[in-house]
Amino acid sequence: MDFQLSDDQRALRTGIRELLAGRFGRDRMRAALDAGTDVDRVVWGELGAAGFFALRLPEAEGGVGLGLPESVLLFEEAGRVLLPGPLAVSHLAAGVVKGAAEGGTVVAVLDEGRPVAHLGAADALIALVGGEVRVLEGAALREFVRGARPVRSLDPLTPLHRVTTPAALGDPLPGAEAARFRREGVLLAAAEQLGSAARTTETAVQHARGREQFGSPIGAFQAVKHLCAQMLVRAELARAAVYAAAVTADPVEIAGAKLLADEAAVRNARDCLQVHGGMGFTWEADVHLHLKRAWLRSGQWLTAAEAEETLAADLC
């Protein structure tokens, strides 16, 4: 469903889907898993050259000059292929951190109380402290990394570190608001969850059509039909919420979109595993990777409990 996308928006989505299929397809993801490489610098640079990170920068500043709805379309496609790396924060840091817009700088985020993802691959760190946005680079970042403690991650392509927020984090960035930065990060994470939910729906349907049991495709069985139908409903409901929140940028609508997208990504991945049977848990299939990434992403930027509190507060 296109939800009344413009011709330009459809072309943008098609273009990034083709780019990712060619640059980060299944073989590239498998190679990254084997090598334990969470950020592919070649792919990162190609994304930068394609305008992935500079999409919302004004053209006068070397950007593409588009808006939040177009960013959501890009991140939905990134979620479909499980593209790893701190995509959202690097996208949001374009124009703030040198090299982020061009894909030459990988930027991680420190959001107090949460583990830092991809810290080892980061060239810069955005710290959201109170209402301020601060940046660590160079020697200050290297000192910060030395004090970080690695923790086990659900997702093999998303390494995590526990950190202690240092007393001195440099000067706050003028004009940058932590609330807006975090809010847009929530929406982009929801878009990635949406992409994952849509992809697992397609994967389940494809498998149900081709896999036979008792002489018939398993998709002919009523129970499997119901699973696939429920997956589609969850994905499309999340899509409507994410696209609407991208237009309004309303904090409450963004919280609702993240809540629905998290549910769609996690439950669709679980149902996709059910359709695949035991094969879904093997390394030869990608289904379990979608489930692990969805679980992890549901705890990033905004958890379900935090989203529910935001929605409840809006009703008072």
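Residues numbered from 1 in each chain as written. Predicted model: local features only at pLDDT ≥ 70, side-chain atom pairs only at ≥ 80, totals over all residues. Heavy atoms only, no water.

In this structure, what is going on with the side chain of Arg80? I would like to understand it.
In this structure, Arg80 sits in helix H4 (residues 68–80). Arg80 sits in the buried class, given a relative accessible area of 13%. A distance of 2.9 Å separates the side chain of Arg80 from the side chain of Glu202, its partner in a polar contact. Once residues lying within four places of it in the same chain are set aside, the contact partners of Arg80 are Arg17, Gly195, Ser196, Ala198, Arg199, Glu202 and His290. (Helix = DSSP H or I, 4+ residues; strand = E, 2+ residues; numbered from the N terminus. Buried < 20%, exposed > 50% of the residue type's maximum accessible area, 1.4 Å probe, protein only. Polar contact = N/O pair within 3.5 Å; in protein donor to acceptor, adjacent residues only side chain to side chain. Contact = heavy atoms within 4.5 Å.)

What should I look at first to understand the sheet that holds strand E3 (residues 124–129) in this one?
The strands making up a sheet associate through hydrogen bonds between their backbones, and the pairing can be parallel or antiparallel. Reading across from one edge, E1-E3-E4 is the order of the three strands in this open sheet, with mixed pairing throughout. The two strands at the open ends of the sheet, each matched to only one other strand, are strand E1 (107–111) and strand E4 (132–137). Between one strand axis and the next, the sheet turns through 25° on average, direction left out of account. Where E3 lies against E4, six bridges are found, and the strand directions are antiparallel. Bridging from a neighbouring strand, Leu125 pairs with Leu136 of E4. Relative to E4, helix H6 (residues 138–146) is tilted by about 90°, and along the sheet it contacts E1, E3 and E4. Against the sheet, helix H7 (residues 178–210) contacts E1, E3 and E4, and its axis sits at roughly 115° relative to E3. (Pairing = 2+ DSSP bridges. Axes fitted to C-alpha atoms, helices over the stretch in contact; angles between N-to-C directions.)

Sorry, what's going on with the packing of H7 against helix H9 (residues 251–276) here?
Describing two packed helices takes the angle between their axes plus the distance from one axis to the other. With their axes 8 Å apart at the nearest point, H7 and H9 run at an angle of 25° to one another. Between H7 and H9, the interaxial angle falls into the category roughly parallel. Crossing angle aside, the handedness with which H7 passes H9 is left-handed. Grouping the amino acids of the contact of H7 with H9 by side-chain chemistry returns 17 nonpolar, seven polar and three charged. (Parallel < 35°, antiparallel > 145°, perpendicular 65-115°, else oblique. Left-handed = near helix turned anticlockwise from the far one by under 90°. Nonpolar A, V, L, I, M, F, W, Y, C, P; charged D, E, K, R; others polar.)

Please clarify how the pattern of salt bridges should be interpreted in this entry.
Side-chain pairs of opposite charge can arise where the charged atoms are in close proximity. For the coordinates displayed, the defined rule picks out 23 salt bridges. A salt bridge links Asp155 to Arg293; the nearest nitrogen and oxygen atoms lie 2.3 Å apart. Of this pair, Asp155 sits in the loop between strand E5 (149–151) and strand E6 (160–162) while Arg293 sits in helix H10 (residues 287–297), and the two are 138 residues apart along the sequence. Residue Arg293 is classed as buried on the basis of its relative accessible area of 6%. Between Arg267 and Glu263 there is a salt bridge, with the nearest N and O atoms lying 3.1 Å from each other. With a gap of four residues between them, Arg267 and Glu263 both fall in helix H9, about one helical turn apart. You can call Arg267 partly exposed: its relative accessible area is 40%. Linked through salt bridges whose partners overlap, the residues forming this network are Arg17, Glu77, Arg80, Arg199 and Glu202. (Salt bridge = Lys/Arg side-chain N within 4 Å of Asp/Glu carboxyl O.)

Is there a simple way to explain the packing of helix H8 (residues 222–248) against H9 in this structure?
With their axes 8 Å apart at the nearest point, H8 and H9 run at an angle of 155° to one another. Considering their axes alone, H8 and H9 lie roughly antiparallel with respect to each other. As for the relative orientation of H8 and H9, their crossing is left-handed in sense. Of the residues that constitute the contact of H8 with H9, the class distribution is 18 nonpolar, three polar and five charged.

Sorry if this is basic, but what is going on with the sheet that holds strand E2 (residues 116–117) here?
Taken in spatial order, the three strands of this open sheet run E2-E6-E5, and their pairing is antiparallel. Of all strands in the sheet, those with a lone pairing partner are E2 and E5, marking the two edges. Both E2 and E6 contribute to a ladder of two bridges, which runs antiparallel. Bridge pairing links Ala117 to Leu160 in E6.

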